[in-house]
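Reading the structure
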4 protein chains.
Amino acid sequence: MMLKPLADAASSRGRRAALDLLSRRHSGGGTRALARVLDGCRRLLSERGEANSLAIAAELMPRLVALDDEARLRFFRHLADDFGPDPQGVLLAAQRFAEQPDAERLIALTAASEPPRQELLRRLNRAPGGTAGILRLRRALLAALRTQPGLAAVEADFLHLLSSWFNPGFLQMQPIDWRASAELLERLIEHEAVHEIQGWGDLRRRLQPDRRCFAFFHPQLPGEPLIFVEVALLPEMPAAIAPLIDPASPPRPARDFKVATFYSISNCEPGLKGVSLGNFLIKRVAEHLQRELPQLRSFCTLSPIPGFAAWLARDDAPAPPRWAQRVAAARETLTAAGGAAALGKGFDPVQCDGALREAIELLATVYLAHEAPTPRGDAVAKFHLGNGARLERLNWAGDLSRKGLKQSLGLMVNYLYDLRHVEEQHERFVHGEVSASRRIKRLP
Amino acid sequence: MMLKPLADAASSRGRRAALDLLSRRHSGGGTRALARVLDGCRRLLSERGEANSLAIAAELMPRLVALDDEARLRFFRHLADDFGPDPQGVLLAAQRFAEQPDAERLIALTAASEPPRQELLRRLNRAPGGTAGILRLRRALLAALRTQPGLAAVEADFLHLLSSWFNPGFLQMQPIDWRASAELLERLIEHEAVHEIQGWGDLRRRLQPDRRCFAFFHPQLPGEPLIFVEVALLPEMPAAIAPLIDPASPPRPARDFKVATFYSISNCEPGLKGVSLGNFLIKRVAEHLQRELPQLRSFCTLSPIPGFAAWLARDDAPAPPRWAQRVAAARETLTAAGGAAALGKGFDPVQCDGALREAIELLATVYLAHEAPTPRGDAVAKFHLGNGARLERLNWAGDLSRKGLKQSLGLMVNYLYDLRHVEEQHERFVHGEVSASRRIKRLP
Amino acid sequence: MMLKPLADAASSRGRRAALDLLSRRHSGGGTRALARVLDGCRRLLSERGEANSLAIAAELMPRLVALDDEARLRFFRHLADDFGPDPQGVLLAAQRFAEQPDAERLIALTAASEPPRQELLRRLNRAPGGTAGILRLRRALLAALRTQPGLAAVEADFLHLLSSWFNPGFLQMQPIDWRASAELLERLIEHEAVHEIQGWGDLRRRLQPDRRCFAFFHPQLPGEPLIFVEVALLPEMPAAIAPLIDPASPPRPARDFKVATFYSISNCEPGLKGVSLGNFLIKRVAEHLQRELPQLRSFCTLSPIPGFAAWLARDDAPAPPRWAQRVAAARETLTAAGGAAALGKGFDPVQCDGALREAIELLATVYLAHEAPTPRGDAVAKFHLGNGARLERLNWAGDLSRKGLKQSLGLMVNYLYDLRHVEEQHERFVHGEVSASRRIKRLP
Amino acid sequence: MMLKPLADAASSRGRRAALDLLSRRHSGGGTRALARVLDGCRRLLSERGEANSLAIAAELMPRLVALDDEARLRFFRHLADDFGPDPQGVLLAAQRFAEQPDAERLIALTAASEPPRQELLRRLNRAPGGTAGILRLRRALLAALRTQPGLAAVEADFLHLLSSWFNPGFLQMQPIDWRASAELLERLIEHEAVHEIQGWGDLRRRLQPDRRCFAFFHPQLPGEPLIFVEVALLPEMPAAIAPLIDPASPPRPARDFKVATFYSISNCEPGLKGVSLGNFLIKRVAEHLQRELPQLRSFCTLSPIPGFAAWLARDDAPAPPRWAQRVAAARETLTAAGGAAALGKGFDPVQCDGALREAIELLATVYLAHEAPTPRGDAVAKFHLGNGARLERLNWAGDLSRKGLKQSLGLMVNYLYDLRHVEEQHERFVHGEVSASRRIKRLP
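These figures come from a predicted structure and were not determined experimentally.

The next thing to look at is the overall build of chain A. Helices and strands together make up the secondary structure of chain A, namely 21 helices and seven strands. Summarising its shape, the C-alpha atoms of chain A cover approximately 75 × 55 × 45 Å along the three principal directions. Residues counted as buried form 55% of the 444 residues belonging to chain A. Across chain A, the fraction of contacts at a sequence separation of at least 24, relative to all contacts at a separation of at least 6, is 73%. Put simply, chain A shows about 18,400 Å² of open surface, and 53% of that area lies on carbon and sulfur atoms.

Glancing now at the packing of aromatic side chains. Scanning the entire structure with this criterion turns up 38 aromatic pairs over all chains. Judged by centre distance (6.2 Å) and plane angle (25°), the rings of B:F308 and B:W311 are stacked. Here the residue B:F308 and the residue B:W311 both occupy positions in helix α14 (residues 308-314), the gap between them amounting to three residues, near one helical turn. Classification of B:F308 as buried rests on a relative accessible area of 0%. Overall, B:W311 belongs to the buried group, its relative accessible area being 2%. Aromatic rings pair up to connect A:W178, A:W200, D:W178 and D:W200 into one cluster. One cation-aromatic arrangement involves A:R331 over A:W311; the distance from NZ or CZ to the ring centre is 5.2 Å.

All names here are of chain A. Burial runs high along strand β3 (residues 227-234): eight of the eight residues are buried. By the alternation rule, side chains of β3 split into I227, V229, V231 and L233 and F228, E230, A232 and L234, which are all buried. Sheet analysis places strand β2 (residues 211-217) next to β3, joined by six bridges and oriented antiparallel. Bridge assignment links R212 to a residue of β3, and that residue is V231. Summarising the sheet, β3 and strand β4 (residues 259-267) pair through eight bridges and their orientation is antiparallel. Following the sheet pairing, F228 is matched in β4 by S266.

This paragraph deals with the sheet that holds strand β3 (residues 227-234) of chain C. Residue and element names in this part refer to chain C. As summarised here, the arrangement of the seven strands in space is β1-β2-β3-β4-β5-β7-β6, forming an open sheet in which the pairing is mixed. Two strands close off the open sheet at either side, each with one partner strand: β1 (172-175) and β6 (390-395). Within this sheet the neighbouring strands show an average axis-to-axis angle of 30°, counted without direction. Most of the contacts of helix α17 (residues 354-369) go to β6, to which it runs at about 160°, and overall it touches β6 and β7 (412-417). Contacting β4 (259-267), β5 (298-301), β6 and β7, helix α18 (residues 379-386) runs over the sheet at an angle of about 15° to β7.

The next thing to look at is the packing of helix α2 (residues 30-45) of chain B against helix α8 (residues 116-124) of chain B. Residue and element names in this part refer to chain B. Running from N to C, α2 and α8 cross one another at 95°; their axes reach a closest spacing of 10 Å. The angle between α2 and α8 places the two elements in the roughly perpendicular class. Residues C41, L44 and L45 of α2 touch α8, and the partners they reach there are P116, E119, L120, R123 and L124. Class assignment for the residues of the contact of α2 with α8 results in six nonpolar, no polar and two charged.

A few words on the interface of chain D and chain C. Listed as interface residues are 74 residues of chain D and, on the opposing side, 74 residues of chain C. Summed over both sides, the interface of chain D with chain C buries roughly 6,300 Å², with 65% coming from carbon and sulfur. Here chain D and chain C share two salt bridges between them. The closest approach of N and O atoms between D:E423 and C:R43, which form a salt bridge, is 2.6 Å. Remark: the boundary between chain D and chain C carries 15 residue pairs in polar contact (both at pLDDT 80 or more). The greatest single-element share of the side of chain D that touches chain C, amounting to eight residues, is contributed by helix α6 (residues 87-99) of chain D.

Under the domain assignment, chain A is made up of domain 1 (3-165), domain 2 (169-301) and domain 3 (308-442). If you average the C-alpha positions of domain 1 of chain A and of domain 3 of chain A, the two centres end up 43 Å apart.

This next bit is on the nonpolar core. Counting residues in hydrophobic clusters, the biggest one holds 207 residues, and the most contacted among them are C:F308 and D:F308. With 206 residues, the next largest nonpolar core counts A:F170, A:L394, B:F257 and B:I305 among its residues.

With that out of the way, let us pick up the arrangement of the chains. Of all C-alpha pairs spanning chain A and chain C, none lies closer than 10 Å, and the two are not in contact. As for chain D relative to chain B, no contact occurs, and the smallest C-alpha gap between them is 10 Å.

Take chain D, turn it by 180°, move it 0.0 Å along the axis, and it overlays chain C with an RMSD of 0.1 Å. Given the turn and translation reported, the copies of this chain are related as if by a two-fold rotation axis.

Residue and element names in this part refer to chain A. On the surface, a cluster of positive charge is made up of R438, R439, K441 and R442. When you line up the elements, R438 lands in helix α21 (residues 438-442). Using a relative accessible area of 72% as the deciding quantity, one classes R438 as exposed.

It is worth spelling out the pattern of salt bridges at this point. Pairing is possible between side chains of opposite charge, provided their charged atoms come close. Residues and elements named next belong to chain A. Going through the model one piece at a time under the given rule, you end up with 108 salt bridges over all chains. R74 is paired through a salt bridge with E70; the nearest N and O atoms lie 3.6 Å apart. Within this pair, R74 and its partner E70 are both found in helix α5 (residues 69-82), separated by four residues, close to a single helical turn. Residue classification places R74 among the partly exposed residues on the basis of a relative accessible area of 24%. A relative accessible area of 48% means that E70 is categorised as partly exposed. Connected through salt bridges with shared partners, the residues E114, E119, R122 and R123 form a single ionic network.

Analysis parameters
Throughout, a residue's number is its position along its own chain's written sequence, starting from 1. Here the convention is simple: chains get letters from A, ligands get numbers from 1, in the order in which they are written. Whole-chain, interface and lining totals are the exception, using all residues; otherwise, since this is a predicted model, local features are given only for residues with pLDDT of at least 70 and side-chain atom pairs are given and counted only at 80 or more. Only heavy atoms go into the side-chain values, all of them from the structure, while hydrogens and water stay out. Elements are defined by DSSP. Helices are runs of H or I of four residues or more, strands are runs of E of two residues or more, and each kind is numbered from the N terminus. Buried means the residue's accessible area, taken with a 1.4 Å probe over protein chains only, is under 20% of the maximum for its type, while exposed means over 50%, and partly exposed covers the values in between. Throughout, a residue-residue contact means that at least one pair of heavy atoms, one from each residue, lies within 4.5 Å. Here the open area of atoms and residues is found with the Shrake-Rupley method and a 1.4 Å probe, where only the protein chains shown may cover a residue. Two aromatic rings from Phe, Tyr or Trp, using only the six-membered ring of Trp, form a pair when their centres are within 6.5 Å; if the ring planes differ by under 30 degrees the pair is stacked, by over 60 it is edge-to-face, and anything between is tilted. Over a ring means this: the NZ of a Lys or the CZ of an Arg is within 6 Å of the ring centre and within 35 degrees of the ring normal. Strands are labelled as partners when DSSP assigns at least two bridges between them. For every element, the axis is a line fit to its C-alpha atoms; helices are fit only across the contacting stretch, and the angle between N-to-C directions ranges from 0 to 180 degrees. The scheme is simple: roughly parallel for angles under 35 degrees, roughly antiparallel for over 145, roughly perpendicular for 65 to 115, oblique for anything else. Side-chain classes are defined by residue name, with Ala, Val, Leu, Ile, Met, Phe, Trp, Tyr, Cys and Pro counting as nonpolar, Asp, Glu, Lys and Arg as charged, and the others, Gly among them, as polar. Defined here as a combined quantity, buried area equals the accessible surface (1.4 Å probe) lost by two parts on assembly, summed across both. By salt bridge we mean one thing: a side-chain nitrogen of Lys or Arg within 4 Å of a carboxyl oxygen of Asp or Glu. Residues adjacent in sequence count toward polar contacts only when both atoms are side-chain atoms; beyond that, a polar contact is any pair of N or O atoms within 3.5 Å, and within protein one must be able to donate a hydrogen and the other to accept it. Either an automatic procedure or a domain database provided the assignment from which the domain bounds are taken. In these notes, a set of buried Ala, Val, Leu, Ile, Met, Phe, Trp, Tyr and Cys residues joined through side-chain atoms within 4.5 Å is what counts as a nonpolar core. In superposing the copies, a least-squares fit is computed on C-alpha atoms, taking residues whose pLDDT is at least 70 in both. Residues form patches when they are more than 30% accessible in relative terms and have no salt bridge. Like charges link within 9 Å. Nonpolar side chains (Val, Leu, Ile, Met, Phe, Trp, Tyr) link within 5 Å. By the counting rule applied here, Lys and Arg register as positive and Asp and Glu as negative, while His and the ends of each chain are not counted. A single reference atom marks each charge: NZ on Lys, CZ on Arg, CG on Asp, CD on Glu.

Below you can see the structure in the form of structure tokens.
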């Protein structure tokens, strides 16, 4: 009974291909093309355009996507310059509202201060494939922003709208297993960012009953996972990644499932950068698994410390006063062993002597437990601690892959998600305090 | 592979029942309940709440829906008073932006001027059933607004968000036929607002292959039509409603389909009042039918003139100068026949004498062709002409039902949707000019 | 990914309409039409036809369905005369097999004795809509059989094949509720044979959570229930039908569900007469409900005794010897009250005096407990007792509807399905013994 | 609304795993286990078992599947010896029928001659997973038959029932593309028997829009393809296989699709050996493609000649008289080149000299065009010619793979499916005549 859109909605490839095709048809002739696009934007925003906005947006979107790089950049500048609020108009409205803050004047103020490009984007979204087109534009905008800081307000409007539209209330969480379509599974292989998937055999193992995968989908982008998390169901909190992703490991029976471990989380849509998804996904998955498997006792991660080696090498972080001495000693041990830089090459945690290991663990604890809330902190630590998780355990020689050794000196961390405490732990983290297990607190 | 939410998403009744149940559990004790709700709102909006917002929203939403009428009204006042922007803060941001309108200051201004209750609503929407809860709140808010004009800015924020979320780019148009679920069809019977559906036999006839029905759905509210339109596929533009909705009429074969006539359009969700849906639905349906049935020559409506009798009775509309004389004569004929009020009772267009008929048709033409763009204009005329349709034909004795006689003196109108002209005709209408067929222009 | 057949498989109406259309196209000219059909049948059965049987069957089936009544009857006679086994051939094969019963000779015997019309039907079934067409033919054949006993062997072949094809291993049991398609629900209204469904409001009540409905479907006939059973979930075994089917009765909460009562079972497909479906459906439903609702303590029916009044009126059944006296006394009481025939008209069980009631109950017990295994037995009793159920309780004034009074003198029966005992009770019934509760055994 | 069976029906793996699990639970103790199974079979077939057959079959099936090899073989012998028809009973029934061939006696005869094990299998099929269990039994039976010819009649009964149940009227043809589930696609990789699929990249290419794949499914075995055919859509009839299965070849646009070429057909279910599926699949696919792509001009195969090298080496086939001389000359040329056996090793068709090539082509033509209807004929040729296809073209150096060179000396054949002629060509083939193109007829 569902109406099929022309470009088969069941197929993300189909959808993208259709957009590509349309945009190719309209490409070329940057300046003239841009003029037509700007003209279309004005028409779409005009009173006249309202009655016909579906048709105008449907015509405009492929032209927009087809702009060449240079024309697109100029388009973004026009968005910044011509589709923002009028400073004098806003000032007047703000003055009138400050004089007498009633409903009428507030409505006028809100109307005056919202950049018209927001309404433009909302109308563009009415086109078939509109949401996909807007995500594509934002990818280009994020790239442009690096050299064009003046586009920041335009980017803020994109982010504002996308955050509202990709609100978790509108997202669907779906478990993904081996029965999923090959087209969808291929996207997991493509986007896994933490522990690369080595082909279909590897993926197959990661979708057996003791390994789970969950993704968020948006109804407007069926078949396209926005973000996915991989979970291992284990008898205990794991200390190393290799056994978890070993394609040859035999699946465990359900009676052994005691700990759910999030061992990888990857975004698939760069156009959604900055839109909060991972936090919500982890919590929805935890709730879902707790309902399905009441025998689960805890939820944790097995995570890398990707910024650790670089932080060690910078050697400029202030140590917390009461440990200053021990940190200094550890730094010395490290220097004696050739320095942080030397460790990057050929470091073997398994053969490492006890003193050096102790020094590195101490420094890693400082890096995680004290630096995380600062701008120097580790991105992964910031993410999980900011979600309200607790720093639970450091795992020596947890990741002996090249990348693991190079970035994290082979260390891995477990962050513990205890849903009863995330709110309070998150707040502490916002105020600069890292929640940690006794073991961690004792460690240094 | 799709995750089933706890309250079965396939069932709108289930969803509503779950919300009712939850809210009953939390009802009572207005003041204390309100205090808890406000506390929850502040927590949800706080930094602390961010990490836990799904859980907070899930707990808060049923409490909110459960507030008794008086507490809910006070809640709305708190939304107006405590969750708006800070006038001095906005003024300062507007001044700084007016001094130097750069990206940074614009971002600060936008942040300062957006009422925090918008973010509150976005976070509430994260709860399961959040969107449904927000629609329910808005229904109550619209009712409250009648006596509490100070809530207008709160209402503007609801409308702003809902317009963004129920953007046609996010809506799914679905044809509805006799294979649809009884639960869904029951909602059509309940909400048909133009030509009442007299039970399942009547509905069944309206879903035969020569009668179509299409609705918009939102992915978050599966099974709940937001708005639906009924279409008759006919050999020619119809002049009377009775044959179209006669349950005993034999279905026509597809080779006779020449004109698609929209004969009824009804909203199902009062919480979406003011969100533009009908215009988009009609155009999407027209495009869909044109693709499915290339033999269709035109798209029109068969519509009542629900404000005509009341307008006649008011007798205070200024006639367009060049017809002033004819209008005056028609008014006289009318008065001679006992006046507009008398016509309401027992008027029989079929027995009506020629002079009176001519007078009424003249006045109806004036009402439609000249009054539509004014505040006195007919709501249905405003809708279709505002969508860019053309006033095509007046049909004497087109609707002999009680309601039809009472409101429209039995008259019906065809509005013609010519997709090539809607944009231009809409613009003309915005400027006060009604597009009409030659026949209409000639009439008076 | 599923291939859509040309006539939309989702729609049983569509399917039937397509067949009707095709057959209309081919109808008329009985003799010539029959000649073409017979020719097609021979071609389809021939070696030559094998390579092309899909195409031949697709062409032949609509012609067959389109035969007029007289031609169809002649077609059946040809099936009987020309498409049976060769008596001499079978005899020879049987002799050879009796001489030396080895595999080869058995294969030859089986081949010789199977009527070729069985293979003809299997090949006809290859056509799109073949199964539906064969069911339609059998309906006509069953009608013809009444006057043409010579067709019995043809009918036996139809029954043999349909029993194999509609094997419960190939049937899908589906729960049906208010979310089912209106097209499907309409078929329930049409086919309910025990307690007529009084329109959509009545049906709606019968599909609330404390009333269930389950049906068997065949994959080849999607959307067409073959048989359905209605179940009431109740706190105790019910004694009267009226409260169960009262559209105004409030639904009970799940915590009250203790007894599942089958209160109606109806076939929808007369072409499947004689194919065992009801027995399997009841048992599959019982297992399903027991799994879904472990709190259920027992499964029973609330059934009419449709043959009781007629049996009473015949007055020729031999009483079991040890009760002969009491039965004779009861018969006398009955005669004194005007006789069985008089009771049919205006009998009011509620006002009935005690002696008469006792007499009727005694006779009903005899009818059920002693006559059921005999050819004089009640059809409903035969069905449930033959399924292995137990005669549990007689309910005076259980059905005060006109039909209930006329056929059953207002009596209803509970048959109890205890899955642990059905096998043994069924066997006893086959040997002429009715399993009954103590209460029943004590009664007379 | 569909009832989920306990072992998830959506997953063939789940289903097989459940059966494995159940059977492991029951395995061991061959003789005792067999005794229980035979007891269960007798109970299931008995009158007593009828009322409870679902439960008995559900208990019996896993025990049956769990029998060890030796016990299973004894079980088959019991099927042969104890569950066949009674020779004297059949003889009597046959005599009575021969005396007076009326309906009643025919029914008695049919009942007497059908082996009771057929009814046993029909009742076993009522169990959940019954059909899958019966297929598994037949796989074992086919293996046993090689050494136990006395089981032929049992095997004939299995084949008879499976042919009726897997009647094409009950099979669903489904297109399979990259959107299919990975679980399903994995089965294609596993079962492709003609041109091996080299992993997921290769498979992906074979599912692009210019390569199609279609399979038959049975509703009782969802997700398990029974047989699948791969099709290439090409601008002309192909002469070599390599370009068709080259994973790196760019997909062609739809406007180039002129010829649909069946280049591989593989069975997935050995338990269905002998049940005609391939013939029906090819014809359903041809009809489906003709409807979808009216621009298709013809349907052909690109096939190996797997028996050619072996036939050449045997050197004992009589040449058709009028070519005897040329065949003898060709044989001599072949002998001069070292003989057929030598060709098998390192033969390079590309470097082959003209006289040898001519000799081989002549002999291949004889093999195909004259030997195909004989017991010496090529299996692939028998299949396509038996389906009514025409021998169209011989392609020198069409398959340079090891297997292609070894079996077919690198030759490939196109068989042409012209749906208008298959019936007549099939009949000719049955009478020993091969339909061939003029080119082929001219060739030798």
